[in-house]
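# Report on the structure
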Amino acid sequence: MEKKKIVILGAGFAGLKLARKLNNNPHFSVTLIDRYNYHQFQPLFYQVATAAINASDISFPIRKVFQESKNISVRLAEVTKINKEKNEVETTIGDFSYDYLVVSMGCTTNFFGNKQIEELSFPMKSTNEALTLKNRLLTNFESAYSAESPEEMEEIMNIVVVGGGPTGVELSGAIAQMKKFILPKDYPDLDFSKLNIYLIEGSPNLLGPMSDLAHKKSFEYLSNMGVNIWTEGRVVDYDGKTISLADGRTVKTRNLIWAAGVTGNVPDGAVTKEELQRGNRMKVDRTSKIIGTNNIYAIGDIASMETPKYPNGHPQLARVAGDQAEHLAKNFDKIAQGFSDDKLSLFEYSDPGSMATVGKRKAVVDLPKFSFSGRLAWFTWMFLHLMLILTVRNKVAIFFNWAHTYFTNDSSLRIIVRPTKKDFRFNLKQYRRFPKNRDKEIEA
Ligand SMILES: Cc1cc2nc3c(=O)[nH]c(=O)nc-3n(C[C@H](O)[C@H](O)[C@H](O)COP(=O)(O)OP(=O)(O)OC[C@H]3O[C@@H](n4cnc5c(N)ncnc54)[C@H](O)[C@@H]3O)c2cc1C
């Protein structure tokens, strides 16, 4: 029997889960393509950025997952274009033909078209960026020793996080904890009472889509930890030293962390600009097939699926991505058995709840019927995130780090490591046709 070829673009929560579900399936040969050779556990990026855990504890080599596989091939490449007429995907290492294509390329940071902010701020949407941010925070305090004026010192000592969703809340809470427990010990001759953390959010509440309790508690926790929260504040400009808001307020800072939104990583040729939905997502039907195509599917953050429960599309969450992948794998099995499209099952998401952590013993949890906060919420958050980590080795490593930090309020991961120029040059060679924007990211 000839196997059908499935090409999966992106090994994030959706793509990796789908590949694992199709592992050793006798009906399909699968090629899984990603620009990195590892899967990234994004919910803990903020802990990498604040030197609480190692990057390797939340990044898993994709090839290791499929060492024993008989039907999954992994390729390290940047996807550049989909050629629907030829049923081919163009990448930096060559073209791949497919019978079925699954786009699961997730999202990237949305700078809302502001090139200046894109150039000068620090986003956190990949392990590379989380490490870049960690290096930035650590070198920032080193540079305080050579500040030449009070004004320069103020720029160094102000850290501004833009975006009051879970990422912004978790990150500003973690930086506030560094300020309290770690920085005064590491830099005893610097005055950290002058370190100001700002969290700027455009809407009236932090953690917008969550419950009123989550709004109230996250605000209360962060305020008590000394974070300056500016809600209904819209950042319009940044020159590398001063942030300007639409209402005229300004903050001096060299440290702008941008967590204000995401936009879909849509490959060229997938859909037309007019067909794109809000947030650059591709419209799919309830079997995850991209509207207007015969054999191309989209799952995870990049997909916009209208259902009776979610008329505006699903929330962009790891759990949604995983559930869609599992659902699509079952439908592929049905396709292999000869079911027609109208006999495939339709996806719906069952929401188990959401949560966010703010700091030690401070978290908020929304379950479908009730919400809670505080110590119990914090332990719930830790337990569930630990369960979601992919390998036992990483679960143990993270658990050990958390336990150590819990008792000592410290970690020993504050090292500044940067690739050498040579490493960078060889990385570039690894891609045959290297798109312009990628060398910028690696260089950063
Ligand atoms: C900081 C942060 C914290 C988060 N916290 C939570 C949380 O606590 N709980 C929760 O449920 N969700 C959380 N999320 C959201 C969650 O991570 C996403 O919903 C989830 O990752 C979506 O899965 P995905 O497979 O669609 O995309 P991703 O997991 O982003 O995977 C996309 C993959 O595609 C690859 N890719 C992209 N473009 C290309 C290209 N051109 N060529 C080759 N490969 C490419 C990427 O390298 C990546 O591996 C968080 C997100 C972030 C950024």
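Residues numbered from 1 in each chain as written. Predicted model: local features only at pLDDT ≥ 70, side-chain atom pairs only at ≥ 80, totals over all residues. Heavy atoms only, no water.

## Thoughts on the pairing of strand 1 (residues 4-9)
Examined bridge by bridge, strand 1 and strand 2 (residues 28-34) share 6 bridges and lie parallel to one another. Bridge pairing in strand 2 links Lys 5 to Ser 29. In the sheet, strand 1 pairs with strand 9 (residues 100-103) via 4 bridges, with the strands oriented parallel. Considered in strand 9, the bridge of Ile 6 is made with Tyr 100. (Pairing = 2+ DSSP bridges. Helix = DSSP H or I, 4+ residues; strand = E, 2+ residues; numbered from the N terminus.)

## Some details on the sheet that holds strand 23 (residues 354-359)
Pairing within the open sheet is antiparallel, and its 3 strands lie in the order 23-24-25. Since the sheet does not close on itself, it has two edges, and those belong to strand 23 and strand 25 (371-373), each with one partner. In this sheet, adjacent strand axes meet at a mean angle of 10° when their direction is disregarded. Across 3 bridges, strand 24 (residues 362-366) lies against strand 25 in antiparallel orientation. If you follow Asp 366 over to strand 25, its bridge partner there is Ser 371. (Axes fitted to C-alpha atoms, helices over the stretch in contact; angles between N-to-C directions.)

## Notes on the domain arrangement of the chain
For the chain, the domain assignment lists domain 1 (4-109 + 263-343), domain 2 (115-260) and domain 3 (418-444). Contacts between the two partners involve 16 residues from domain 1, matched on the other side by 18 residues from domain 2. Seen at the junction of domain 1 and domain 2, the total is 0 salt bridges. The interface formed by domain 1 and domain 2 includes 2 residue pairs in polar contact (both at pLDDT 80 or more). (Domains from an automatic or database assignment. Contact = heavy atoms within 4.5 Å. Salt bridge = Lys/Arg side-chain N within 4 Å of Asp/Glu carboxyl O. Polar contact = N/O pair within 3.5 Å; in protein donor to acceptor, adjacent residues only side chain to side chain.)

## Observations concerning the sheet that holds strand 16 (residues 250-252)
Ordered in space as 14-15-16, the 3 strands form an open sheet in which the pairing is antiparallel. Each of the sheet's edge strands pairs with one partner strand only, and the pair in question is strand 14 (235-238) and strand 16. Each adjacent strand pair in this sheet contributes to an overall mean axis angle of 20°, direction not counted. Relative to strand 15 (residues 242-245), strand 14 is paired through 3 bridges, and the arrangement is antiparallel. The residue bridging Val 235 from the neighbouring strand is Leu 245, located in strand 15.

## Some details on the UniProt feature "domain: FAD/NAD(P)-binding" (unreviewed entry) in the chain
UniProt marks residues 5-325 with the feature "domain: FAD/NAD(P)-binding" (unreviewed entry), using the numbering shown here. Here residues 5-325 runs as 29% helix and 27% strand, with 17 Å between its end C-alpha atoms. (UniProt positions renumbered as here; feature names shortened; annotations may be inferred.)

## Re the site of the ligand
Looking at the ligand, there are 28 residues lining it, with Ala 14, Asp 34, Gln 42, Val 79 and Asp 301 nearest. Measuring from an oxygen atom of the ligand, one finds a side-chain N or O atom of Asp 34 at 2.5 Å. Between the ligand and Leu 317, the relevant distance is 3.3 Å, taken from an oxygen atom to a main-chain nitrogen or oxygen of the residue. Burial of the ligand by the protein chains amounts to 90% of its free accessible area of 990 Å². Counting residues per element, the ones that place at least two in the shell around the ligand are helix 1 (13-22) and helix 9 (318-336). Classifying every residue of the shell around the ligand gives 12 nonpolar, 11 polar and 5 charged. For the shell around the ligand, the two domains that each supply at least three residues are domain 1 (4-109 + 263-343) and domain 2 (115-260). (Near = heavy atom within 4 Å. Areas by Shrake-Rupley, 256 points an atom, 1.4 Å probe, with all protein chains shown as cover. Nonpolar A, V, L, I, M, F, W, Y, C, P; charged D, E, K, R; others polar.)

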